[in-house]
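This is what each chain is made of:
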Amino acid sequence: EKGTFQHFMQKEIFEQPTVVAQTLRSYLRPLERQVALPQMDFDISRIERVTIVACGTSYYAGMVAKYWFESFARVPVDIDFASEFRYRDPILPPGGLALFISQSGETADTLAALRHCKANGQTIAVVVNVPTSTMAREADLLLPTHAGPEIGVASTKAFTCQLAVLAALAAHFAVKKGRLSAEQEAEIVAHLLEAPACLNAALDHDAEIRAMAPLIAPARDVLYLGRGQDFPLALEGALKLKEISYIHAEGYASGEMKHGPIALIDEAVPVIVIAPSGPLFEKTVSNMQEVRARGGKIVLISDAEGLAEAGVGCLATIEMPKVHPLIAPLVYAVPVQLLAYHVACVKGTDVDQPRNLAKSVTVE
Ligand code: F6R
């Protein structure tokens, strides 16, 4: 079943161009350059507030989505870990949309949060990969990711497909709210349609990433930095590395580093910087200088422009295609997944079945 791949995780990483294209096909009308969401039996234009609840990698997809909902639709979004949400007596004004993101559709905390929101009059939308799951059955609006079965315990293709669905949903929401013109919608659709080719271009760097894995494998701690909508990618990169290589890793918002974690930096702590070129790039470069001044070793993941500006003196660089910011979180997911994968292979861990983890967490 793994075909020519060594692990399910590796196979699933490489499936991403195909499955993301498949997912996008069911949420976009390419010829009309429009988003096409399933029929809704509620009026989404009247939603004034969105609550996103999820766990783990699905939660990080939600963090990216918050960014999109707020910037496209200008609707405030509250987001929380399912295990925290339920116990903080969240404010759920009538008419709110509660959005649950889950690969399995069975995660106990997320399901309990869903039922809590339902009991409190929220409209329930779910983004799930298993269409027969409990969450899928209990939703008012079911938005399946069409990633196909994900076997590796560490989530990869489900994440990028979640992002694809969430981007389409955010654009649809914004159109219905009158916050996006037809031209802007067409542009968003065009950029989303570029994602599969860009994912392929990112995968072309596999051999390079494999070659640099031995530089990271001996580390005891690794820091990941990202800004804006790429901050969740830093968290996701750190989670992937922890899960399968058992190296301690932390994701930080680039600008937060100087407020504490910078104390950890020395020659033994690699810092993975996720920074596409763009308006925020300069700021990230100055954060990189702070790392370098303390002897820290940087792996910079950026595009040609970013690497030309800041790649010199890095321990290693990974060149991504130049992409529109909207699809950067999908494309930059690939190098962080591959880095975790190859480091785990160097360490010889059980990549598909990491210790202490289960694919579906059905206990609270
Ligand atoms: C990360 C991972 C977990 C899951 C989390 C949520 O690689 O696999 O963090 O993302 O347990 O699971 P779902 O999405 O099934 O609700």
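Definitions and cut-offs
Residues numbered from 1 in each chain as written. Predicted model: local features only at pLDDT ≥ 70, side-chain atom pairs only at ≥ 80, totals over all residues. Heavy atoms only, no water. Core = buried A, V, L, I, M, F, W, Y, C linked by side-chain atoms within 4.5 Å. Buried < 20%, exposed > 50% of the residue type's maximum accessible area, 1.4 Å probe, protein only. Contact = heavy atoms within 4.5 Å. Pairing = 2+ DSSP bridges. Helix = DSSP H or I, 4+ residues; strand = E, 2+ residues; numbered from the N terminus. Axes fitted to C-alpha atoms, helices over the stretch in contact; angles between N-to-C directions. Salt bridge = Lys/Arg side-chain N within 4 Å of Asp/Glu carboxyl O. Lys, Arg positive; Asp, Glu negative; His and termini not counted. Phe/Tyr/Trp six-rings, centres within 6.5 Å; stacked < 30°, edge-to-face > 60°. Right-handed = clockwise from strand over helix to strand, strands pointing away.

**Description of the nonpolar core**
Trp68, Leu99 and Tyr224 are the most contacted members of the largest nonpolar core, which has 101 residues in total. With residues near it in sequence (within four places) discarded, Leu99 still touches Val50, Thr51, Ile52, Val53, Phe69, Ala125, Val127, Leu166 and Leu169. Counting 17 residues, the second-largest nonpolar core is a separate cluster that includes Val271, Val273, Leu307 and Ala310.

**Considerations on the sheet that holds strand β4 (residues 77-81)**
Strands sit in the order β4-β3-β5-β6-β7 across an open sheet of 5 strands; the sheet is parallel. Each edge of the open sheet carries a strand with a single partner, namely β4 and β7 (141-144). Pairs of neighbouring strands in the sheet enclose a mean axial angle of 20°, with direction left out of account. The pairing of strand β3 (residues 50-54) with β4 spans 5 bridges and is parallel. Within β4, the position partnered with Thr51 by the bridge is Asp78.

**Brief notes about the pattern of salt bridges**
Scanning the entire structure with this criterion turns up 13 salt bridges. Taking the shortest distance from any N to any O, the salt bridge between Glu138 and Arg115 comes out at 2.6 Å. Within this pair, whereas Glu138 is found in helix α6 (residues 134-138), its partner Arg115 is found in helix α5 (residues 108-119), the two being separated by 23 residues in sequence. Glu138 sits in the buried class, given a relative accessible area of 18%. Owing to a relative accessible area of 41%, Arg115 belongs among the partly exposed residues under this scheme. Overlapping salt bridges, with partners in common, bring together Lys11, Glu15 and Lys157 in one network.

**Structural notes on the environment of Val19**
Tracing the chain through its elements places Val19 in helix α2 (residues 16-25). On the basis of relative accessibility, which here comes to 7%, the residue Val19 falls in the buried class. Between the C-alpha atoms of Val19 and Thr160, which are 141 residues apart in sequence, the distance is 8.9 Å. In this structure Val19 touches His146, Ala147, Lys157 and Cys161, once residues within four positions along its chain are discounted.

**Quick look at the sheet that holds strand β9 (residues 248-253)**
Strand order across the open sheet formed by 5 strands is β9-β8-β10-β11-β12, with parallel pairing between neighbours. Strands at the two margins of the open sheet, each flanked by one partner only, are β9 and β12 (316-320). Shown here is a sheet whose adjacent strand axes are inclined to one another by a mean of 15°, direction ignored. When strand β10 (residues 270-274) meets strand β11 (residues 297-303), the two strands line up parallel, connected through 5 bridges. The partner of Val273 across the bridge, within β11, is Leu300. Its contacts with the sheet put helix α13 (residues 328-347) on β8 (221-226), β10, β11 and β12, and the angle it makes with β11 is roughly 145°.

**What to know about the side chain of Asp206**
Checked against the element boundaries, Asp206 lands in helix α9 (residues 206-216). Although Asp206 is buried, it makes no salt bridge; Arg210 carries the closest opposite charge, 4.4 Å away. Look past the residues within four positions of Asp206 in its chain and what remains in contact with it is Phe14, Leu338 and His342.

**Remarks on the packing of aromatic side chains**
What describes a pair of aromatic rings is the distance from one ring centre to the other and the angle between the planes of the rings. In total, this model carries 4 aromatic pairs according to the counting rule given. Seen from their ring centres, Tyr59 and Tyr60 are 5.9 Å apart, and the 65° between their planes marks the pair as edge-to-face. On the basis of relative accessible area, Tyr60 is assigned to the buried category, the value being 12%. Put simply, the rings of Tyr59, Tyr60 and Phe81 pair up and form one aromatic cluster.

**Some remarks on the pairing of β3**
Among the 5 residues in β3, 5 count as buried, and that is most of the element. Burial along β3 is two-sided: the residues Val50, Ile52 and Ala54 and Thr51 and Val53 are all buried. Viewed along the sheet, the connection from β3 through helix α3 (residues 56-73) into β4 turns out right-handed. Bridge count for β3 against strand β5 (residues 97-102) is 5 bridges, and the pairing is parallel. Note on β5: the bridge partner recorded for Thr51 is Ala98.

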